[in-house]
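Descriptive analysis of the structure
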Amino acid sequence: MAEAVTYCRICEPLCGLTATVEDGAVTAIRADRAHPLSRGFACPKGVAMTEVQNDPDRVVHPLRRTPDGEFERVTWDEALGDIARRLTALRRGHGGDSIGWYFGNPATFSYTHPLWLNGFMRALGSPHLYSAGSQDTNSRFVASALLYGAPHLVPLPDIDRTDFLLMLGANPLVSHGSLVSVPRIRESLKGIVKRGGRVVVGDPRRTETARAFEHLPITPDGDAWLLLSLLHVLFEDGLADLDTCVRQARGLATLRGLVRDFSPERTAPNSGVAPETVRRLAHDLATAPRAVVYGRTGTCLGVHATLVAFLIDAVNAVTGNLDRPGGAVFGESPLPVDEIVRLSGLGTYGRTHSRVGGFPDVLGTFPAGVMAEEITTPGPGRMRALIVSAGNPVLSVPGATALDAALDELDLLVCIDLYVSETGRKADYVLPATTFLEREDFPLPFLQNHLTPFVTWTEAVVPPRGEARQEWEVIDELARRMGLGIGALGPQRLAHRLGLRPSPRLMVDALLRSGPRGDLFGLRPGGLSLRKLREHPHGIVLADHQPTGRLRRRITHRDRRVNLAPDEIAAEIARLRATPPPPADLPLRLIGLREPRSHNSWMHNTPSLMRARTHTARLHPRDAERHGLADGALCEITSAHGTIRLPVAITDEVTLGVVAVPHGWGHEGGGWRLATANGGANVNVLASPDPDDLEKLAGMARLNGIPVKVGAVVRESNTEDGGAPTEPQVSDTGNSRQPESETDLLG
Ligand SMILES: Nc1nc2c(c(=O)[nH]1)N[C@H]1C(S)=C(S)[C@@H](COP(=O)(O)OP(=O)(O)OC[C@H]3O[C@@H](n4cnc5c(=O)[nH]c(N)nc54)[C@H](O)[C@@H]3O)O[C@H]1N2
Ligand SMILES: Nc1nc2c(c(=O)[nH]1)N[C@H]1C(S)=C(S)[C@@H](COP(=O)(O)OP(=O)(O)OC[C@H]3O[C@@H](n4cnc5c(=O)[nH]c(N)nc54)[C@H](O)[C@@H]3O)O[C@H]1N2
Ligand code: SF4
Ligand SMILES: [Mo]
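Under an unreviewed UniProt entry, the chain has the name Formate dehydrogenase and belongs to Actinomadura logoneensis. Under the UniProt heading Sequence similarities (unreviewed entry), the note attached to the chain is "Belongs to the prokaryotic molybdopterin-containing oxidoreductase family."

1. Things to note about the nonpolar core
Ranked by size, the top nonpolar core spans 114 residues in total, and within it Leu166, Leu564, Ile637 and Val659 carry the most contacts. With 11 residues, helix 14 (residues 305-318) is the single largest residue contributor to this core. Dropping the residues within four chain positions of it, isoleucine 637 is found in contact with Ala617, Gly642, Thr643, Ile644, Val659, Val661, Leu686, Val708, Lys709 and Val710. With 60 residues, the next largest nonpolar core counts Ile10, Ile29, Trp101 and Ala675 among its residues.

2. Structural notes on the confidence of the model for the chain
On average, residues of the chain score 94 in pLDDT, and 95% of them reach the 70 mark or higher. Low confidence marks residues 718-747, where pLDDT is under 50. Its contacts with residues over four positions away, or in another chain, come to 68 contacts.

3. Structural notes on the site of ligand 1
Neighbouring ligand 1 are 30 residues, the closest being Tyr102, Asp417, Glu471, Ser601 and Asn684. In this structure, glutamate 471 approaches ligand 1 through a side-chain N or O atom, which is 2.6 Å from a nitrogen atom. Within the side chain of serine 601, a nitrogen or oxygen atom sits 2.6 Å from an oxygen atom of ligand 1. Its free accessible area being 920 Å², ligand 1 has 97% of it covered by the protein chains. Where the shell around ligand 1 is concerned, the elements lending two or more residues are helix 17 (393-396) and strand 18 (412-417). Residue composition of the shell around ligand 1, grouped by class: 14 nonpolar, 11 polar and five charged.

Cut-off values and rules
- Residues numbered from 1 in each chain as written.
- Chains lettered and ligands numbered in written order.
- Predicted model: local features only at pLDDT ≥ 70, side-chain atom pairs only at ≥ 80, totals over all residues.
- Heavy atoms only, no water.
- UniProt positions renumbered as here; feature names shortened; annotations may be inferred.
- Core = buried A, V, L, I, M, F, W, Y, C linked by side-chain atoms within 4.5 Å.
- Buried < 20%, exposed > 50% of the residue type's maximum accessible area, 1.4 Å probe, protein only.
- Helix = DSSP H or I, 4+ residues; strand = E, 2+ residues; numbered from the N terminus.
- Contact = heavy atoms within 4.5 Å.
- pLDDT = per-residue confidence, 0-100.
- Near = heavy atom within 4 Å.
- Polar contact = N/O pair within 3.5 Å; in protein donor to acceptor, adjacent residues only side chain to side chain.
- Areas by Shrake-Rupley, 256 points an atom, 1.4 Å probe, with all protein chains shown as cover.
- Nonpolar A, V, L, I, M, F, W, Y, C, P; charged D, E, K, R; others polar.

This is the structure we're talking about:
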């Protein structure tokens, strides 16, 4: 028996874990008490990773689908040989741009996986690259591209030093924080209040976080209106920090003009926030010694997602809180990230446009919401083959029904995954991936998101189960068989083709050593190197706080100023004004939520997380009454695009007129038996499959604020099309139930 130290790669705090290993298998996972930031905290998902690791339903050998729809085991050689042959034939017959790739959320937690797949797609010269980003963060990256010229410059809320946090559309007590890595985020938030400060949570639902702090109820998709009126008051009431702003930014006068007629009286009907509340909030933000506005997925999945992300930073800038301790700070990495982004050409926005819908690329990816039409629209560049790695788009992208049908029209679908998912069940091949416990790792994309600058490295805890392989190894071998050289840079691709393939860890070592904190290959003794990281298995804290005052150097606009008035934003504001009212026959608004014991679609096969749980639709008591729905009754939710059936959970935590349904449920048929048995419905069939309905600047999926209606279901054939369980249980849905996770484990 041995204990191995590693870190969790399920969500962004990257908590430290200790794994017990017996005979080459993980038998238990606990929180790592010696981790300097998570200090003995892990949530139930991290602990339950033991069950994913050892899950009998995991795919551990390459699988090929037979004509009757079953899967049979094949060798890696057979699988990769056939895939390489078919891809090569497509490439010859139709060009590299007939081949597409979608990578899901877990991909970004591996340091090698995104790099290798990017290299592969570049070598193919294919624009068909899609990711979970258009359902998650791309609006944030686009706002940064407009404001700072650099999509990767994403500000962090400096929670540990602020006096006032306005949080919009985030529920970190459940999600554990996103686009900012703060293990023990509940304690950090409580720290604000302990210092005499405030946390205000703008959300249509009185969430776990809203309950722990101050709740500001807001109408779904109301954030742009709220933020415009906050700016209006800041300017009109002379609360703007003009000196700081003029020094940092350009376009201040234009911005002022743009917000002129968004008085709180004018915006209240759209934001749901009363004018006097907006005024007070603007004053409180401006007069707090240090304040910051932060927004997350609730602000990213609406009609005006990029505008909202932009306005959040605009409020921070206008109150003088940008690039300032306790405000919005720009994290620095121990790697030369700005140089890497520049040299690799990866930090793009709008360099190319999608064939369907003409959407600008965001970091080289197009919105996943156009994938279905890219498959079904004839003509040059039609996507004929798709590789999906670490993603389950059938349950995660808008217009799930259309995508599900489009996948049948592909010549080849390959999934690299831990399970046969709802997407995988349509695949020609499902290839077994390693779990994060079976691979070495380095938190490459998260290094600049750590509020406390931190770096770590982990070795694999156990060898891969069965024949599982890391994604980069699969991609490397596929490229070799296709005669492709892969790499982000031209010379790298050539070297790769000639067989010069430095190991990924060598690359990390070189980047660390030459980075701003590196040992410069001996010139700076005590500096970072891979060897040094390996001597510190719990990771290394690099500083107490992220540095400030360096924004000017990092902005890539020629004048090195924040652009507060890009044309794209003015156009979005015009579009906002022209937003038609939602259809009268769909009077309710659908929003999402995250649950402590779910992780998107992929931890529903884990017994310890699934005890006494049901997928439900949360509805306000008055809405339930109006529609004659009792608690636990089966209801039908209908949008312009589809219908699902779910049991109702009546709770006044949702605002009147709002229905809240978590995504990632509604498993069917795939390899995960417990997940499938738990029923539920795929909420994304309610979202529009039409590319015209995607948000304009970043192609964001509209997954929040969807107009819907609800109705009672007469119970006869209730398992037919909604997939709802016959006897809905309501045990985990009660009004005031606290999330078990942190309260249990944080004490
Ligand atoms: N309605 C609605 N829809 C949403 C959202 C919402 O809030 N509301 N949120 C969106 C967001 S933020 C996200 S990030 C997406 C997620 O959407 P996706 O990334 O498409 O899907 P996941 O459910 O995360 O599925 C991940 C898949 O990867 C597999 N997997 C896990 N670890 C690994 C690994 O290490 N390697 C490989 N190869 N496979 C692995 C899992 O088995 C699973 O099949 O969903 C989006 N969809
Ligand atoms: N337990 C758990 N943790 C997770 C995940 C998970 O599935 N389960 N997923 C991980 C992933 S991939 C991500 S991206 C992060 C996301 O992290 P967060 O964004 O913090 O997570 P959510 O719980 O989705 O919070 C979004 C909130 O936005 C609110 N909302 C919906 N519409 C609107 C709106 O129009 N305006 C406003 N102001 N609010 C709105 C919702 O009610 C919800 O409370 O969480 C990560 N952590
Ligand atoms: S909060 Fe839970 S799932 Fe997220 S990193 Fe920590 S232990 Fe893992
Ligand atoms: Mo996400």
